[in-house]
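What the coordinates show
As a plain string of letters, each chain reads:
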Amino acid sequence: MSKPSMRLLPLSIALGLSLAALPALAQRGRTPPPPPAPTACTDFHAFTNRAWLQANPASAAQPERSRLGLLASEAQQRQQALFDAAQRAPATPEEALLGAFWAAGLDEAGLDRRGPEALREALAPLSQFRRPRDLPQVAAAFHRKGLFPLAEFVRLEDSQGSGRPLAAVPAPLGLVDPAFYLSTEAEARRLLGQYRSYVEALLRASGLPEAEIGPASEAVLQIETQLAQALAGEGPDARSSDSLRAQDRRYVALGFAALMKALNASTDTLVVVSPAYFATLSRLAGERDPQRLRWYLRYRVLHRLAPDLHAPFRNAHAAFFASALRGLPAAPAREEHMATLLRRNLGGLNDAAYIGRYAPAPLRERATRVAEGVRAAAIEMVAKAGSPEEARKLEAIRFDIAGSATPGFDGEGLAFSRDDHVGNLLRLSRWQEARVLANRPTPVDPLPARLPAVQWLPAQGLLAVSAAALAPPLLAGNDASPGPRDFGAFGALVGHELAKRLEPGSRGAGLGPLYNGFMATPALRVDGNRTLPMNRADLAGLEFAWAAFQKAQPQADAEAKKAFFSAWAELWAKSQTPEALAAEVQGSPYAPAAFRVNGPLAQFPPFAEAFGCRPGQPMRAANPIGVWR
């Protein structure tokens, strides 16, 4: 193994060392020579990215800039362009749905105009609640509107393989964490007082008579505190599984059987998650005078819709949840609120629209050819290295490239209006619950389409690639067939993730002491031990991708081979302030960007051959370290 070379300093540090000598030379009356320009064989990261680094310097205002960070920004711009196009001229049914939902949610004037009527319609079921025994039909009426003030229904993943049982789960409290209600600390009590003011503001804005505001808010806080006590007294996995008839008898005041019938849900069994919550709720529902529970149901509806109703409700919600609870100077912009709604409720719709516009079938096919080629090369290389069990691990990996392993978005029965945001939210809730009751899963891509990512997901046995990752610098150009840069950038990243699935043993262990010798700054070394797993994955990924490239293009010329390595280097174009670099070196599991290029490539003989690096030059190790080759 060659000794680590101190000449592998990033260009910015090398320049800093050269500039330190300027004052002494000036005193002697001599013009200092300019620092030597980097070459492919002295500092490939700086050589390849010199123009980018000069054009994108770090600063106090922006202490870190990177090519991959730019890719993320470009993906955000594409997402915004998708929203704009979906509103103006949708090109697909998915874009039409997305555009209508987005347009209605951004129309604050429309929210103010339609809010009062939407609220009256949402609260209408309360008029049926005169006696305790009315609660099941009132709950059913709320569910038919898309409002679930007391309980929600979900499907559980059953580890025993008996399907996806239907479960009733508690509706979230206004302050989601029960500890807010139960803590005796002064800060928590102060916050609870502010929450009471929020409850009062919503009740007042809804038109409740002023004489009822005090007792109604008191009832809301009392009921939520009792429910919080029930939730806090149980473990997170507390549940009761029984027949629907038995659960109906157990929680008689809640009327589960009547609710299921009203919702046209066919089920013989029901899992109740957090039995103590539902026992408390059933006891409250059995009170002779239903007034307290009527107030509570009113508040639950108001709280659910507050961020999307007319201004008094939006303002009250922002004053508490943005300012008091989170300490923000202002409420999130309307666009941010809508993006959150999409992310939580319609991720599959947004993914389908994004993929349809920005990841067409030829691009996905090209990426798949690269990924499958790298996997095939990795399997062959690992097997030849005497590790057939590790090779079988690679064979078992599934790829999900821009949703290829995920069923497409099924929006059957879902419709939105461009001028009825609250109606859209309620239609969405009804649609979601109907799918749950009918046991129709709503699949979502493992990685959001809008966020660039290439990631091994061990829990799913899946190597996932988002649609946003199918863009420069990972995949460039519009060629039908993969080119050398596709293998050098995207292919090597796929190889890096495949390598994480393997147990390398002592292979590549020499990278630890090698990287320990690299100086990120004149006073700070890279931690070769902490970064060893990722450094080893970088080198293994390049080994796999290079083998796949050679098999795909056995007649590749010198320029194509250079393009392969340049594509890898361009991925890691990154400028940082000294403080940002120091923070990264001290905490990241990855080596700094310059060493993710120079470190593995100096150990990879095909690189030195491609660029004609001579023995003794920094980018050509005397005794190269390999992982699987």
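Given the structure is predicted, the values throughout are model-derived calculations rather than measurements.

Thoughts on the overall build of the protein chain
Looking only at helices and strands, the protein chain has 27 helices and 11 strands in total. Each principal axis of the C-alpha atoms in the protein chain carries an extent, and together these give about 95 × 60 × 50 Å. Sorting the 629 residues of the protein chain into buried and exposed places 52% on the buried side. Across the protein chain, the fraction of contacts at a sequence separation of at least 24, relative to all contacts at a separation of at least 6, is 73%.

Looking at the packing of aromatic side chains
Under the counting rule described, the total for this entry stands at 32 aromatic pairs. Clustering of aromatic rings is evident, with ring pairs tying together F44, F47, F487, W546, F549, F564, F565, F604, F607 and F611. Across from the ring centre of F129, 5.8 Å away, lies the NZ or CZ of R294, which sits over that ring. Here the basic side chain of R596 rests over the ring of W572, its NZ or CZ set 3.9 Å away from the ring centre.

Quick word on the packing of helix α21 (residues 484-500) against helix α23 (residues 532-552)
The relative placement of two packed helices comes down to the angle between their axes together with the axis-to-axis distance. Viewed as axis vectors pointing N to C, α21 and α23 meet at an angle of 130 degrees, and their least axial separation amounts to 7 Å. Between α21 and α23, the angle is such that the two are oblique. Read as a crossing pair, α21 and α23 show a hand that is right-handed. Contacts between α21 and α23 involve P484, F487, G491, A492, G495, H496, A499 and K500 on the former and, on the latter, M534, A537, D538, A540, G541, L542, F544, A545, A548, F549 and A552. Counted by class, the contact of α21 with α23 contains 13 nonpolar, 4 polar and 2 charged residues.

Topic: the nonpolar core
When a protein is soluble and globular, its nonpolar side chains tend to lie buried together. Core analysis: the biggest nonpolar cluster contains 108 residues, and F44, L470, F490, F544 and F565 have the highest contact counts within it. Ignoring sequence-local partners within four residues, the contact set of F490 consists of A367, V370, A371, V454, V465, L470, L474, L475 and R485.

Examining the pairing of strand β8 (residues 462-465)
Of the two faces of β8, the one holding L462 and A464 and the one holding L463 and V465 are both buried throughout. Examined bridge by bridge, strand β7 (residues 454-457) and β8 share 4 bridges and lie antiparallel to one another. Looking at the pairing, Q455 lines up with A464 of β8. Linking β7 to β8, which pair antiparallel, is a turn of 4 residues; within it G461 sits at a positive phi near 60 degrees.

Focus: the side chain of N56
Here N56 lies in the loop between α3 (44-55) and β1 (64-66). With sequence-adjacent residues up to four places away left out, N56 is seen in contact with R65 and S575.

What to know about the sheet that holds strand β5 (residues 269-273)
Spatially, 4 strands are ordered β2-β3-β5-β4 in an open sheet, and the strand pairing comes out mixed. Whereas interior strands pair on both sides, the edge strands pair on one side only; in this sheet they are β2 (151-155) and β4 (239-243). Pairs of neighbouring strands in the sheet enclose a mean axial angle of 25 degrees, with direction left out of account. As defined by bridge partners, β2 adjoins strand β3 (residues 166-170) across 5 bridges and the pair is classed as antiparallel. Opposite F153, over in β3, you have A168 as the bridge partner.

Section: the pairing of β5
Each regular strand displays side chains that alternate between the two surfaces of the sheet. Burial analysis of β5 places 4 of its 5 residues in the buried class, which makes it a mostly covered element. Where β3 lies against β5, 2 bridges are found, and the strand directions are parallel. Its bridge partner being in β5, A168 is matched across the sheet by V272. Note: β4 against β5, 5 bridges, orientation antiparallel. Bridging from a neighbouring strand, R239 pairs with V273 of β5.

Observations regarding the pattern of salt bridges
Side-chain pairs of opposite charge can arise whenever the charged atoms involved come near each other. The tally for this structure, following the rule as stated, stands at 30 salt bridges. Across the salt bridge formed by K500 and E497, the nearest N and O atoms sit 3.1 Å from each other. Note that K500 and E497 are positioned in helix α21 at a spacing of 3 residues, about one turn of the helix. Among the ionic contacts, a cluster of salt bridges with common partners joins D410, E412, R435 and R440.

Let's talk about the environment of A318
Along the chain, A318 falls in helix α15 (residues 311-325). A318 sits in the buried class, given a relative accessible area of 18%. Separated by 12 residues in the primary sequence, A318 and A330 have C-alpha atoms spaced 7.5 Å apart.

Some remarks on helix α25 (residues 578-587)
All of the buried residues along α25 are A580, L581, E584 and V585. Here the buried residues of α25 occupy an arc of 135 degrees about the axis, which is enough to place them on one side. Structural note: α25 exposes P578, E579, Q586 and G587 on the side pointing more than 90 degrees away from its buried face. The secondary structure elements touched by the buried residues of α25 are β9 (519-521), β10 (524-525) and β11 (574-576).

What about the sheet that holds strand β6 (residues 398-401)?
Whenever strands of a sheet pair, they do so through backbone hydrogen bonds, lying parallel or antiparallel. Pairing in this open sheet of 3 strands is mixed, and the strands run β6-β8-β7 from one edge to the other. Each of the sheet's edge strands pairs with one partner strand only, and the pair in question is β6 and β7. On average, adjacent strands in this sheet sit at an angle of 20 degrees to one another, irrespective of strand direction. Pairing between β6 and β8: 4 bridges, direction parallel.

Quick look at the packing of helix α7 (residues 135-145) against helix α20 (residues 421-437)
Packing of α7 against α20 brings their axes to within 7 Å, and their N-to-C directions diverge by 110 degrees. As judged from the angle between their axes, α7 and α20 are roughly perpendicular. For the pair formed by α7 and α20, the contact residues are H143, R144 and K145 on the first element and L426, R430 and E433 on the second. Of the residues belonging to the contact of α7 with α20, the class tally is 1 nonpolar, 1 polar and 4 charged.

Some thoughts on the environment of G110
Mapped onto the elements of the fold, G110 is located in helix α6 (residues 108-123). Residue classification places G110 among the buried positions, given a relative accessible area of 7%. Measuring from C-alpha to C-alpha, the distance between G110 and D420 comes to 7.6 Å, with 310 residues separating the pair along the chain.

What to know about unusual backbone geometry
Residues P472 and P473 are joined by a peptide bond in cis, for which omega reads 5 degrees. The phi torsion at S274 lies on the positive side, around 65 degrees, for a residue other than glycine. Summarising the element assignment, S274 is placed in the loop between β5 and α13 (275-285). The class of S274 is buried, set by a relative accessible area of 7%.

About the thresholds
- Residues numbered from 1 in each chain as written.
- Predicted model: local features only at pLDDT ≥ 70, side-chain atom pairs only at ≥ 80, totals over all residues.
- Heavy atoms only, no water.
- Helix = DSSP H or I, 4+ residues; strand = E, 2+ residues; numbered from the N terminus.
- Buried < 20%, exposed > 50% of the residue type's maximum accessible area, 1.4 Å probe, protein only.
- Contact = heavy atoms within 4.5 Å.
- Phe/Tyr/Trp six-rings, centres within 6.5 Å; stacked < 30°, edge-to-face > 60°.
- Lys NZ or Arg CZ within 6 Å of the ring centre and 35° of its normal.
- Axes fitted to C-alpha atoms, helices over the stretch in contact; angles between N-to-C directions.
- Parallel < 35°, antiparallel > 145°, perpendicular 65-115°, else oblique.
- Left-handed = near helix turned anticlockwise from the far one by under 90°.
- Nonpolar A, V, L, I, M, F, W, Y, C, P; charged D, E, K, R; others polar.
- Core = buried A, V, L, I, M, F, W, Y, C linked by side-chain atoms within 4.5 Å.
- Pairing = 2+ DSSP bridges.
- Salt bridge = Lys/Arg side-chain N within 4 Å of Asp/Glu carboxyl O.
- Arc of directions from axis to C-beta.

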